[in-house]
Structures are given as C-alpha cells and as structure tokens.
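Residue strings, one per chain:
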Amino acid sequence: MFDSGVGGLTVLHALLVRLPHEDVVYLGDTGRFPYGPRTREELIAYGRELTGILVAQGAKLIVVACNSATAAALPLLQRESPVPVLGVITPEARAAVRATRLRRVGVLATEATVSSGRYVEAIHAVDAGVEVIQVACPGLAEAIQGGEPYSERTLALARTATEPLREAGVDVVVLGCTHYPLIRHMLQRELGPDVQTIAAAEELAEEIAETLARKGWQRGDDHRGAYRFLATGDVEAFRIEGTRFLQLPIDDVEQVAVASL
Ligand code: DGL
C-alpha cells in the first residue's frame, strides 16, 4: 500500500482490522508530500516508481491509498503492473450514490484530484443524474500532516472548504483525500448532523478482501499478519505522526530511496 504520507494509514487501519492474517508493507512518500499541487505527469512517475518498489518487496496486490495518485495514475498502473492494483475513488463514489437521497453529493479533495474530474466520472458512471459539487482544499492535507492537525488553522481551512457544500445543500460529502478522515469530527461539525460523510477505508478494505478471496490468495487463519513501514522522508517523523493516525504501534520505519525528492 502506498500514499503520499500518513493519510493512507486510515486505509491501512481498516485493512488490518478486516484482514488480520495478511502481511502488509506501507510505503509513505513523505519526502515528496504533498501530492495535491503536483502535475499529472509527476504523479504518474511517482506511482510507477512506488508500485515498482512494492512489487520488488513481493507484494501480491497493490493498494493506492492516495486519492491524488489514484486520480492521476490508477488505470495506467493497472495496465502496467504484474499484480492487481486497487485504488480509492471508485469505492467512495459507489457508497456516495447509495447514500444520497437528494442526489446531490459534495466532494472535498486536493487540487490534483478535483482537476482530474475522476470523482464526477466515477459518480456519474453509477448515476448520471447525481449533481456533484467539488471543492479543492489547498493546504488542508498539509495542515493535518504538519504536526498539529487539530489546530485553529486546520479548523479555519475546514470551515472555508465546507461552506460551498453547506450552501449547495448536499446531503452526502465524500472525504476525497486520505488525510481528511483524520479530522472527520471537525468536518462533520461544520457540515451539520444531517450530512453523511463517506471515506474510502472500509469500502476499500472490503474490496481488497473480495479480490483476495476471488483469487484464492488469502492467508490462512493460522497466520498472524505482520505490518511494516517504508518512508521516503524523515523516518522518525513518520513513526511519531503515523502511530497517532494508525492507532496501532509502529516500531521501525525503513528509509527508502526514490529518484527525485
Ligand atoms: N494522499 C493524498 C491524497 O489523498 C494526500 C494529500 C496530498 O498529498 O496532497 O490526495
């Protein structure tokens, strides 16, 4: 599983709970965080490189636990990779369409994800009649990963991001960036109790479980799954922030080199 930073740990958490027998390697590209302002070409290059590292580690399945990378590179990675690649966006889009009564869905995401238009496509692939209101949230993932996720600054960004969605009267909001579930309570308070928030973690964990079962690749119940971490940036910072977000212990984080930081 890879992500631009620690946000994907929300997806990892759900996976470790749903599939406790599987071994997981999580690669956080913290050295090149944030992905949100990156170009499509950069995100494709990073996605290829990180997929290659995980395949070399023996991965039987790759999970792109990053919305920006999924938006830019998922189909390409799926075509090129020797193992199956699953991503976010589609599971959330399906869940959002299932949940909306008003057929009006909001999406909070990075600039890269919003400009890709992938959420609109994925939601319209299920129901073309659903109105989709997208809001790009520059700086929000950085505020969450920056050591003080529950600060006044994060709250101010959360308020600005949710305002257009409140005005549009959506009844479902997709947290379309792996970092946003970490401030779910803050966003939910701004959106109000009648708005349902959707995140990828559980939906995606279910899709991973189904894929492994279909292929007969699950580990047996007698195996206790192990999880370990690679990071392209500061390993100690990853360990400290990561432990908080994963809500499980992180011992060692191994430094991994990538082409350009
Ligand atoms: N993993 C990224 C995403 O979901 C977090 C934000 C970023 O790197 O800018 O888009």
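Residues numbered from 1 in each chain as written. Predicted model: local features only at pLDDT ≥ 70, side-chain atom pairs only at ≥ 80, totals over all residues. Heavy atoms only, no water.

Draft legend 1. Fine view of the environment of Asn67. Mapping Asn67 onto the fold places it in helix H3 (residues 67–80). Remark: the alpha-carbon pair of Asn67 and Val88, spanning 21 residues in sequence, is separated by 5.9 Å. Among residues more than four places away in sequence, those in contact with Asn67 are Val88, Ile89, Glu92, Thr113, Tyr119, Gly176, Cys177 and Thr178. (Helix = DSSP H or I, 4+ residues; strand = E, 2+ residues; numbered from the N terminus. Contact = heavy atoms within 4.5 Å.)

Draft legend 2. Looking closely at the pattern of salt bridges. A full pass over the atoms with the stated rule returns 15 salt bridges. Arg103 is the salt-bridge partner of Asp127, the closest N and O atoms lying 2.9 Å from each other. With Asp127 in the loop between helix H6 (118–126) and strand S6 (131–136) and Arg103 in the loop between helix H4 (90–99) and strand S5 (104–109), this pair connects stretches of sequence that are 24 residues apart. Using a relative accessible area of 41% as the deciding quantity, one classes Arg103 as partly exposed. (Salt bridge = Lys/Arg side-chain N within 4 Å of Asp/Glu carboxyl O. Buried < 20%, exposed > 50% of the residue type's maximum accessible area, 1.4 Å probe, protein only.)

Draft legend 3. The arrangement of the site of the ligand in detail. Taken together, 14 residues are adjacent to the ligand, and Asp3, Ser4, Tyr35, Gly36 and Ser68 come closest. Between a nitrogen atom of the ligand and a side-chain N or O atom of Asp3, the distance comes to 2.5 Å. Measuring from an oxygen atom of the ligand, one finds a side-chain N or O atom of Ser68 at 2.6 Å. Relative to its unbound accessible area of 290 Å², the ligand is 99% covered by the protein chains. (Near = heavy atom within 4 Å. Polar contact = N/O pair within 3.5 Å; in protein donor to acceptor, adjacent residues only side chain to side chain. Areas by Shrake-Rupley, 256 points an atom, 1.4 Å probe, with all protein chains shown as cover.)

Draft legend 4. Quick look at the pairing of S5. Counting buried positions over the six residues of S5 gives five, a clear majority of the element. With six bridges joining them, S5 and S6 adopt parallel strand pairing. Considered in S6, the bridge of Ala109 is made with Ala136. Alignment of S5 against strand S7 (residues 172–175), held across four bridges, turns out to be parallel. Considered in S7, the bridge of Val105 is made with Val172. (Pairing = 2+ DSSP bridges.)

Draft legend 5. Geometry of the packing of aromatic side chains. Taken as a whole, this structure holds five aromatic pairs when the rule is applied. Seen from their ring centres, Tyr35 and Tyr46 are 5.5 Å apart, and the 40° between their planes marks the pair as tilted. Of this pair, Tyr35 sits in the loop between strand S2 (24–28) and helix H2 (40–56) while Tyr46 sits in helix H2, placing them eleven residues apart in sequence. Judged by its relative accessible area of 7%, Tyr46 falls in the buried class. Centroid distance Tyr227 to Phe229: 5.8 Å. Interplanar angle 80°. Geometry classified as edge-to-face. Pairwise contacts between aromatic rings join Tyr26, Tyr227, Phe229 and Phe238 into one cluster. A cation over an aromatic ring shows up here: Arg32 above the ring of Tyr46, its NZ or CZ 3.9 Å from the ring centre. Of note, Lys215 hangs over the ring of Trp217, and the distance from its end group to the ring centre comes to 5.4 Å. (Phe/Tyr/Trp six-rings, centres within 6.5 Å; stacked < 30°, edge-to-face > 60°. Lys NZ or Arg CZ within 6 Å of the ring centre and 35° of its normal.)

Draft legend 6. Quick look at the packing of H2 against H3. Direction vectors running N to C along H2 and H3 enclose 55°, while the axes themselves pass 8 Å from each other. Overall, the two elements H2 and H3 adopt an arrangement that is oblique. As H2 packs across H3, the resulting crossing turns out to be right-handed. Note on element contacts: H3 touches H2 through Ser68, Ala72, Ala73, Leu76, Leu77 and Glu80, opposite Arg40, Leu43, Ile44, Gly47, Arg48 and Thr51. The residue makeup of the contact of H2 with H3, split by class, is six nonpolar, three polar and three charged. (Axes fitted to C-alpha atoms, helices over the stretch in contact; angles between N-to-C directions. Parallel < 35°, antiparallel > 145°, perpendicular 65-115°, else oblique. Left-handed = near helix turned anticlockwise from the far one by under 90°. Nonpolar A, V, L, I, M, F, W, Y, C, P; charged D, E, K, R; others polar.)

Draft legend 7. Seen up close, the nonpolar core. In terms of nonpolar packing, the biggest core is built from 69 residues, with Leu9, Leu12, Leu108, Tyr180, Ile208, Phe229 and Phe238 touching the most fellow members. Sequence-distant contacts of Phe229, that is, excluding residues within four places in its chain, are made with Leu9, Leu12, Tyr26, Phe238, Leu246, Ile250, Asp252, Val253 and Glu254. The next biggest cluster of nonpolar side chains, apart from the first, holds 25 residues, and it includes Phe2, Leu43, Ile53 and Val256. (Core = buried A, V, L, I, M, F, W, Y, C linked by side-chain atoms within 4.5 Å.)

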